Amino acid sequence: MKIANVESDVLFPVPFWVIDFDGVENINRAILQEIDRIDWDAEHQRRGLKHLVNSRHQEDVFITTELVPSAKQVVDAFGHSCLEIGRELGWDLEHNEIRVLELWAHITAPGKVTQTHDHAPSHLSCAYYVTTPQDCGELHFKEDRKQRASEPASPNLRQDVAVQPKEGRMVIFPGWLSHYVSENRSGQRRVSLSCNADLMPKALSHAVEISYAGQK
Ligand SMILES: [Fe+2]
(Lines give C-alpha, C1' and ligand atoms only; values in the text may rest on other atoms or scores of the structure.)
Protein backbone atom coordinates (compact mmCIF):
# COMPACT_ATOMS: atom_id res chain seq x y z
CA MET A 1 0.00 0.00 0.00
CA LYS A 2 1.53 3.26 -1.11
CA ILE A 3 0.46 6.70 -0.11
CA ALA A 4 -0.89 8.54 -3.11
CA ASN A 5 -1.43 11.90 -1.50
CA VAL A 6 -1.58 13.56 1.92
CA GLU A 7 -3.24 16.85 2.71
CA SER A 8 -3.00 18.71 5.95
CA ASP A 9 -4.85 21.82 6.91
CA VAL A 10 -5.75 23.88 9.94
CA LEU A 11 -9.44 24.25 10.63
CA PHE A 12 -11.52 26.85 12.37
CA PRO A 13 -9.44 29.72 13.64
CA VAL A 14 -10.99 31.54 16.61
CA PRO A 15 -11.80 35.22 16.18
CA PHE A 16 -11.56 37.84 18.85
CA TRP A 17 -11.70 41.60 18.69
CA VAL A 18 -9.76 44.34 20.46
CA ILE A 19 -11.43 47.75 20.31
CA ASP A 20 -9.76 50.83 21.77
CA PHE A 21 -12.08 53.69 22.63
CA ASP A 22 -10.99 57.30 22.80
CA GLY A 23 -12.25 59.96 25.15
CA VAL A 24 -13.00 57.55 27.98
CA GLU A 25 -11.35 59.42 30.85
CA ASN A 26 -14.57 60.94 32.18
CA ILE A 27 -16.55 57.73 31.77
CA ASN A 28 -13.90 55.64 33.50
CA ARG A 29 -13.57 58.15 36.32
CA ALA A 30 -17.34 58.15 36.80
CA ILE A 31 -17.46 54.33 36.80
CA LEU A 32 -14.79 54.21 39.49
CA GLN A 33 -16.58 56.79 41.62
CA GLU A 34 -19.85 54.94 41.29
CA ILE A 35 -18.23 51.61 42.12
CA ASP A 36 -16.59 53.16 45.16
CA ARG A 37 -19.94 54.36 46.41
CA ILE A 38 -21.38 50.83 46.43
CA ASP A 39 -21.98 49.30 49.81
CA TRP A 40 -20.77 45.87 48.74
CA ASP A 41 -21.79 44.10 51.94
CA ALA A 42 -25.33 45.43 51.58
CA GLU A 43 -25.29 44.46 47.93
CA HIS A 44 -24.14 40.91 48.68
CA GLN A 45 -26.75 40.67 51.42
CA ARG A 46 -29.50 41.92 49.13
CA ARG A 47 -28.62 39.29 46.55
CA GLY A 48 -28.51 36.49 49.09
CA LEU A 49 -24.72 36.11 48.81
CA LYS A 50 -24.29 35.95 52.56
CA HIS A 51 -21.00 34.09 52.31
CA LEU A 52 -19.49 37.19 50.69
CA VAL A 53 -20.61 39.64 53.34
CA ASN A 54 -17.61 40.98 55.28
CA SER A 55 -15.28 39.13 52.91
CA ARG A 56 -14.35 42.27 50.95
CA HIS A 57 -14.92 40.08 47.90
CA GLN A 58 -15.36 42.38 44.92
CA GLU A 59 -14.46 40.08 42.04
CA ASP A 60 -16.99 38.77 39.60
CA VAL A 61 -19.73 40.77 41.21
CA PHE A 62 -22.85 41.29 39.17
CA ILE A 63 -23.76 44.94 39.07
CA THR A 64 -26.59 46.91 37.54
CA THR A 65 -26.62 50.17 35.67
CA GLU A 66 -28.68 51.52 38.55
CA LEU A 67 -25.70 50.91 40.84
CA VAL A 68 -23.16 52.05 38.25
CA PRO A 69 -25.04 54.28 35.79
CA SER A 70 -21.95 55.12 33.75
CA ALA A 71 -21.51 51.43 32.93
CA LYS A 72 -24.50 51.82 30.60
CA GLN A 73 -22.17 53.42 28.06
CA VAL A 74 -19.95 50.34 28.17
CA VAL A 75 -22.95 48.04 27.81
CA ASP A 76 -24.19 50.06 24.84
CA ALA A 77 -20.74 50.07 23.21
CA PHE A 78 -20.56 46.30 23.66
CA GLY A 79 -24.06 45.85 22.24
CA HIS A 80 -23.26 47.93 19.17
CA SER A 81 -19.98 46.10 18.67
CA CYS A 82 -21.77 42.74 18.92
CA LEU A 83 -24.16 43.88 16.23
CA GLU A 84 -21.27 44.72 13.92
CA ILE A 85 -19.63 41.39 14.72
CA GLY A 86 -22.90 39.55 14.09
CA ARG A 87 -23.12 41.17 10.66
CA GLU A 88 -19.47 40.36 9.98
CA LEU A 89 -20.06 36.72 10.95
CA GLY A 90 -23.23 36.43 8.90
CA TRP A 91 -25.59 35.82 11.81
CA ASP A 92 -29.31 35.83 11.01
CA LEU A 93 -30.20 39.19 12.48
CA GLU A 94 -33.53 39.32 10.74
CA HIS A 95 -35.07 36.65 12.94
CA ASN A 96 -32.74 36.96 15.90
CA GLU A 97 -31.39 39.76 18.00
CA ILE A 98 -28.41 40.26 20.23
CA ARG A 99 -29.20 40.92 23.88
CA VAL A 100 -26.66 41.93 26.47
CA LEU A 101 -27.85 39.93 29.44
CA GLU A 102 -25.23 40.26 32.13
CA LEU A 103 -22.89 42.89 33.46
CA TRP A 104 -20.38 42.46 36.21
CA ALA A 105 -17.36 44.14 37.70
CA HIS A 106 -13.90 42.88 38.51
CA ILE A 107 -12.08 44.81 41.17
CA THR A 108 -8.89 42.85 41.33
CA ALA A 109 -6.63 43.43 44.29
CA PRO A 110 -2.82 43.30 44.05
CA GLY A 111 -1.50 39.74 44.04
CA LYS A 112 -4.73 38.26 42.69
CA VAL A 113 -5.12 36.11 39.59
CA THR A 114 -8.28 35.01 37.79
CA GLN A 115 -8.31 31.28 37.13
CA THR A 116 -9.14 29.76 33.76
CA HIS A 117 -12.83 29.85 32.96
CA ASP A 118 -15.21 30.57 30.13
CA HIS A 119 -18.58 32.22 29.70
CA ALA A 120 -20.45 29.49 27.84
CA PRO A 121 -23.19 29.33 26.76
CA SER A 122 -23.08 33.07 26.04
CA HIS A 123 -22.28 33.77 22.42
CA LEU A 124 -20.08 36.82 22.94
CA SER A 125 -18.39 38.24 26.02
CA CYS A 126 -16.23 41.24 26.72
CA ALA A 127 -13.78 42.74 29.13
CA TYR A 128 -13.62 46.54 29.29
CA TYR A 129 -10.77 48.13 31.19
CA VAL A 130 -11.52 50.99 33.53
CA THR A 131 -8.22 51.29 35.38
CA THR A 132 -5.04 49.44 34.47
CA PRO A 133 -1.96 50.29 36.52
CA GLN A 134 1.31 49.00 35.09
CA ASP A 135 1.76 45.20 35.37
CA CYS A 136 -1.80 44.68 36.56
CA GLY A 137 -2.14 41.34 34.73
CA GLU A 138 -2.76 40.30 31.13
CA LEU A 139 -5.83 38.63 29.72
CA HIS A 140 -4.81 35.24 28.30
CA PHE A 141 -6.83 33.17 25.87
CA LYS A 142 -6.15 29.45 25.84
CA GLU A 143 -6.52 26.83 23.20
CA ASP A 144 -7.74 23.97 25.37
CA ARG A 145 -10.33 22.23 23.25
CA LYS A 146 -10.67 18.88 24.92
CA GLN A 147 -10.52 16.68 21.88
CA ARG A 148 -7.30 18.09 20.52
CA ALA A 149 -5.50 15.22 18.84
CA SER A 150 -2.00 16.54 19.26
CA GLU A 151 0.13 19.56 19.71
CA PRO A 152 -0.24 21.92 16.77
CA ALA A 153 1.67 20.98 13.68
CA SER A 154 2.60 24.57 13.03
CA PRO A 155 4.64 26.65 15.44
CA ASN A 156 2.56 29.58 14.24
CA LEU A 157 -0.46 28.19 16.04
CA ARG A 158 -0.37 29.64 19.49
CA GLN A 159 -1.80 27.87 22.51
CA ASP A 160 -1.89 30.92 24.73
CA VAL A 161 -2.46 34.45 23.51
CA ALA A 162 -2.03 37.41 25.86
CA VAL A 163 -3.82 40.71 25.41
CA GLN A 164 -2.48 43.75 27.21
CA PRO A 165 -4.99 45.62 29.33
CA LYS A 166 -5.40 49.28 28.53
CA GLU A 167 -7.82 51.85 29.82
CA GLY A 168 -10.62 52.25 27.30
CA ARG A 169 -9.87 48.89 25.66
CA MET A 170 -12.68 46.42 25.06
CA VAL A 171 -11.78 42.82 24.24
CA ILE A 172 -14.61 40.79 22.73
CA PHE A 173 -14.41 37.02 22.39
CA PRO A 174 -16.61 33.94 21.90
CA GLY A 175 -18.15 33.01 25.24
CA TRP A 176 -16.83 29.44 25.08
CA LEU A 177 -13.20 30.53 24.74
CA SER A 178 -11.16 29.71 27.83
CA HIS A 179 -9.29 32.57 29.43
CA TYR A 180 -7.53 33.62 32.59
CA VAL A 181 -5.83 36.73 33.94
CA SER A 182 -2.27 36.68 35.19
CA GLU A 183 -1.29 38.10 38.56
CA ASN A 184 -1.89 41.73 39.31
CA ARG A 185 1.67 42.81 40.21
CA SER A 186 0.96 46.50 40.11
CA GLY A 187 0.43 47.10 43.80
CA GLN A 188 -2.91 48.75 42.98
CA ARG A 189 -6.32 47.45 42.05
CA ARG A 190 -7.27 46.72 38.45
CA VAL A 191 -10.88 47.47 37.55
CA SER A 192 -12.69 46.11 34.55
CA LEU A 193 -16.24 45.42 33.53
CA SER A 194 -17.51 42.35 31.72
CA CYS A 195 -20.68 41.66 29.78
CA ASN A 196 -22.23 38.62 28.15
CA ALA A 197 -24.43 38.76 25.07
CA ASP A 198 -26.65 36.15 23.49
CA LEU A 199 -28.10 35.76 20.04
CA MET A 200 -31.70 34.72 20.47
CA PRO A 201 -34.92 34.55 18.47
CA LYS A 202 -36.72 37.89 18.48
CA ALA A 203 -39.92 36.16 19.52
CA LEU A 204 -38.28 34.90 22.71
CA SER A 205 -35.82 37.56 23.62
CA HIS A 206 -38.19 39.83 25.53
CA ALA A 207 -39.14 37.00 27.84
CA VAL A 208 -35.54 36.55 28.96
CA GLU A 209 -34.50 38.07 32.23
CA ILE A 210 -31.54 40.42 32.12
CA SER A 211 -29.32 40.91 35.11
CA TYR A 212 -28.67 44.59 34.70
CA ALA A 213 -31.04 47.51 34.40
CA GLY A 214 -31.37 49.90 31.54
CA GLN A 215 -31.78 47.78 28.43
CA LYS A 216 -34.92 48.38 26.43
FE1 LIG B 1 -14.06 35.85 32.12
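Scope of this entry: the structure provided in the associated data block.

Some words on the overall build of the protein chain
Here comes step 1: Counting its regular elements, the protein chain contains four helices and ten strands.
Here comes step 2: For the protein chain, the N- to C-terminal ordering of α and β elements is β-α-α-β-α-β-β-β-β-β-β-β-β-α.
Here comes step 3: Scored against the burial criterion, the 216 residues of the protein chain give a buried share of 42%.
Here comes step 4: Looking at the protein chain as shown, the accessible area adds up to about 12,800 Å², and 50% of this sits on carbon and sulfur atoms.

A look at the coordination of the iron ion
Here comes step 1: Only His117 (NE2), His119 (NE2) and His179 (NE2) from the protein reach the iron ion as donors, at distances of 2.0 to 2.1 Å.
Here comes step 2: Mapped onto the polypeptide sequence, the residues donating to the iron ion form the spacing pattern H-x1-H-x59-H.
Here comes step 3: Judged by its relative accessible area of 27%, histidine 117 falls in the partly exposed class.
Here comes step 4: Given the relative accessible area of 9%, histidine 119 is considered buried.

Concerning the sheet that holds strand S6 (residues 139–142)
Adjacent strands of a sheet form backbone hydrogen bonds with each other and so pair up, either parallel or antiparallel.
Here comes step 1: One open sheet accounts for four strands, arranged S4-S9-S6-S7; its pairing is antiparallel. Only two strands of the sheet have a single partner each, and these edge strands are strand S4 (114–117) and strand S7 (160–163). With strand direction ignored, the average angle separating the axes of adjacent strands in the sheet is 20 degrees.
Here comes step 2: With four bridges connecting them, S6 and S7 associate as antiparallel partners. Paired with leucine 139 across the strands is valine 163, a residue of S7.

Calculation rules
Residues numbered from 1 in each chain as written. Predicted model: local features only at pLDDT ≥ 70, side-chain atom pairs only at ≥ 80, totals over all residues. Heavy atoms only, no water. Helix = DSSP H or I, 4+ residues; strand = E, 2+ residues; numbered from the N terminus. Buried < 20%, exposed > 50% of the residue type's maximum accessible area, 1.4 Å probe, protein only. Areas by Shrake-Rupley, 256 points an atom, 1.4 Å probe, with all protein chains shown as cover. Donors = N, O, S within 2.8 Å, 3.2 Å for Na, K, Ca; no water. Pairing = 2+ DSSP bridges. Axes fitted to C-alpha atoms, helices over the stretch in contact; angles between N-to-C directions.

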